[in-house]
Amino acid sequence: MSDKDGQGKGKRVQPPWMPPEGTAQPKLCLYNSLTRSKEVFTPLDGKKVLWYCCGPTVYDASHMGHARSYISFDILRRILKDYFKYDLFYCMNITDIDDKIIKRARQNYLFEQYQKKKPDPSKLLEDVKTALKPFTAKLAGTTDPDKKQMLERILDTVTSALGPLEKAVQNGISGEETGRIAEKLLEESKDLLSDWLDAELGSRVTENSIFSTLPKYWEEEFHKDMEALSVLPPDVLTRVSEYVPEIVTFVKKVVDNGYGYVSNGSVYFDTVKFDASPNHSYAKLVPEAVGDQAALQEGEGDLSISADRLSEKRSPNDFALWKASKPGEPSWDSPWGKGRPGWHIECSAMAGSILGESMDIHGGGYDLRFPHHDNELAQSEAFFENDHWVRYFLHTGHLTIAGCKMSKSLKNFITIKEALRSHTARQLRLAFLMHSWKDTLDYSTNTMESAIQYERFMNEFFLNVKDVLRAPTDVTGQYQKWEQEELELHRSFCERKSAVHEALCDNIDTRTAMEEMRSLVSQCNSYIAAKKSTKVFPNRMLLDSVAVYLTEMFKIFGAIDSEEPIGFPIGGTGQSVNLEATVMPFLSALSQFRESIRQIAREQKVTDILQLCDSLRDDILPELGVRLEDHEGLPTVVKLVDKETLLKEKEEKKKAEEEKKRKKEESSRKKQEQEAAKLAKMKVPPSEMFKCEMDKFSQFDEHGFPTHDAEGKELSKGQTKKLRKLFEAQEKLHEEYLQMVQN
């Protein structure tokens, strides 16, 4: 380079480089019950997250209220782990020592013993009437409207079954018929008799195995239900019965720290002293509930709210850490005598043993906030002498059944097994994903229908994309030129992904995320339809990217548990082989052969063969879970769909066709009736048309035209004018009829 060419520049160097400013990225925020607001989620130790979740009290079948909590937490857990890439350590407990368990175990045992004695009808009648006395007294003293309604239902059922047996005994009827009536009463009176038997004989039940058999059975059923719902098992499961020594040690330290006191063999937490400490605060979650004796007594348990037990407390707000066992209750040794753990202490001791003095997340149902979780917080912070046992408290919303409160104690619940007989685990999960995890969810026909429609909508998209990807092409052919339509769809794809991310950062808002995913599929469907209408093949790699992304999101949400790259799995869970990959080559060959046959049949007008081809599509293949979709001028689309779905579609199509046929027949019938009515009207000569209306007219002229009304008054000009128009119209109609007859 000459000096002239480089004058003023000197030696060339790279120009300065400035990094892009970038855009602010959303941070994950969670609704924290401790502040009742969304807070930026910051774990104690980098990406490691310690999480404790309150598990079930296992004394009966798991119901949809349990599913509400455990599916919701499973969704949150999966998203934190698989989407946000946190290292989760998840601990859950099983409550297998509890007032409810003790009472139910005794009742079941005593009722079984009563059944084995086979009381004669007279004895059964006497016992049921005796049991009704305390029951009716309990009903009279119940103020809670839901509980009162439940007790009234039981009373009505028992009374209805009581009458026939009373009548049979009074009439001296014996034999098989009376036995059947007595069996019916025994069945309907189980709750009533169990309560009465427990009150009378419960204190005599001393065999500890009776109290362990019941929770062991229902825990196993709970785990089966969770597996059926595709809920991940916890990393650690703790049972109260296995942690009694740790609970005793925990209680002892709370007492040693000055926040507990012994009273009559029981140990209580001193809420007044704890709250008075400058380092502590009682009822962090629901401070306004302090003093709510109904809630506090429910937290203590049915067997722990007798007058003598309540009198042992220094303050009505104090709660049991350790309960002295009464006759008829299981017991363990302790420094304070034979007893058993209080309800709240179990979680504190077990979570503390596993997770230490502070955890990132504690989860549970909304109704556990007070007193259970507030008491957990108090006793744990009393034990560790800190004020941060839990950093983020997450509470799932209530579940209602068609708008009504669901409660196991009110006998108003749907078991998980019952729900799974009506809907798949994926459909239930989709229903939960389509609602906020912290708000009330109504389990109703409308809720589930929305989930089913969403699943169907997404599944159709996955099947359509698979069909596009199956079209034969060479390696280079799969890279298609991007036109404006592809650029627009890709831009929308990026926007929707960002919107999904923002939604998940915003308190894991799966409802909005699911809607954004639906919007993305709608745009893809429009793109595919536009391409097909112009006989242009859609961009396979772009659609593949979208389908893979959506599939991955559903895997993260727990709605897909297979390894297939695209779409919902075919053939249910537990498939050892990829069904679609195995059978699709054969189905594609069958489809192509059928299309060739149809082409020949159309050209040669062989309708029998065309009907056989239609029967293969409409009747035979749906029974095997295969749907063929014929499109004019385009290859037949082959889709693997659940057999039940296809048969339901077939039934719906049949109903639609029958309805269409019915409407057509109805329309034809109405048309015939109208034509018959018109013909009948045409037959009437104008001179006769008004003479049949003697209730309106009394005199007529020579042409049959009315001149006076029914009372003999002459018609006004206005009336005559209106009637003249009708008369002239009838003249025309009748003339048409006469011409028609002549022709």
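The present account deals with the structure reproduced in this document.

**Observations regarding the pattern of salt bridges**
The tally for this structure, following the rule as stated, stands at 51 salt bridges. For Glu221, the salt bridge goes to Lys224, with nearest N and O atoms at 3.4 Å. With Glu221 and Lys224 both in helix H7 (residues 209-228), this residue pair falls three residues apart, about one helical turn. The exposure class of Glu221 is buried, given its relative accessible area of 12%. For Lys224, a relative accessible area of 43% corresponds to the partly exposed category.

**Some thoughts on unusual backbone geometry**
If a residue is not glycine, its phi is most likely negative; likewise, a peptide bond is most likely trans. Note the cis peptide between Phe370 and Pro371, where omega equals 5°. On the secondary structure map, Pro371 appears in helix H13 (residues 369-384). The phi torsion at Ile508 lies on the positive side, around 50°, for a residue other than glycine. Along the chain, the position of Ile508 falls in the loop between helix H17 (484-505) and helix H18 (510-533). With relative accessibility at 1%, the residue Ile508 sits in the buried group. Look at Lys605: it is not a glycine, yet its phi comes out positive at around 55°. Along the chain, Lys605 turns up in the loop between helix H20 (579-604) and helix H21 (607-620).

**Side note on the sheet that holds strand S12 (residues 399-401)**
A sheet is described by the order of its strands in space; here three strands give the open sequence S13-S12-S14, paired in mixed fashion. The strands lining the two open edges of the sheet, one partner per strand, are strand S13 (404-405) and strand S14 (441-443). Here S12 runs beside S14; their pairing, made up of three bridges, is parallel. Within the sheet, the bridge partner assigned to Leu399 lies in S14 and is Leu441.

**Points about the packing of aromatic side chains**
How two aromatic rings sit relative to each other is set out by the distance from centre to centre and by the angle between their planes. Tallied over the entire structure, the rule returns 23 aromatic pairs. Ring centres of Tyr70 and Phe222 lie 5.4 Å apart, and the angle between their planes is 75°; this geometry places the pair in the edge-to-face category. In this pair, Tyr70 is assigned in helix H1 (residues 64-83) and Phe222 in helix H7, connecting sequence segments 152 residues apart. Tyr70 sits in the buried class, given a relative accessible area of 7%. One aromatic cluster in this structure is built from Tyr454, Phe461, Phe462, Phe554 and Phe568. The ring of Tyr261 has Arg314 sitting right over it, with the charged end atom 4.0 Å from the ring centre.

**Looking at the pairing of strand S10 (residues 359-365)**
Of all seven residues in S10, seven are buried, a share of seventy percent or more. Summarising the sheet, strand S3 (residues 48-53) and S10 pair through three bridges and their orientation is parallel. When the bridges of S10 are listed, Trp51 appears paired with Ile361. Bridge count between S10 and strand S11 (residues 390-396): six bridges; the pairing is parallel. If you follow Gly363 over to S11, its bridge partner there is Leu394. At this point the chain moves from S10, through H13, to the parallel S11, and the crossover so formed is right-handed.

Rules and cut-offs
- Residues numbered from 1 in each chain as written.
- Predicted model: local features only at pLDDT ≥ 70, side-chain atom pairs only at ≥ 80, totals over all residues.
- Heavy atoms only, no water.
- Salt bridge = Lys/Arg side-chain N within 4 Å of Asp/Glu carboxyl O.
- Helix = DSSP H or I, 4+ residues; strand = E, 2+ residues; numbered from the N terminus.
- Buried < 20%, exposed > 50% of the residue type's maximum accessible area, 1.4 Å probe, protein only.
- Pairing = 2+ DSSP bridges.
- Phe/Tyr/Trp six-rings, centres within 6.5 Å; stacked < 30°, edge-to-face > 60°.
- Lys NZ or Arg CZ within 6 Å of the ring centre and 35° of its normal.
- Right-handed = clockwise from strand over helix to strand, strands pointing away.

Function cannot be read off these values alone, since they describe shape.
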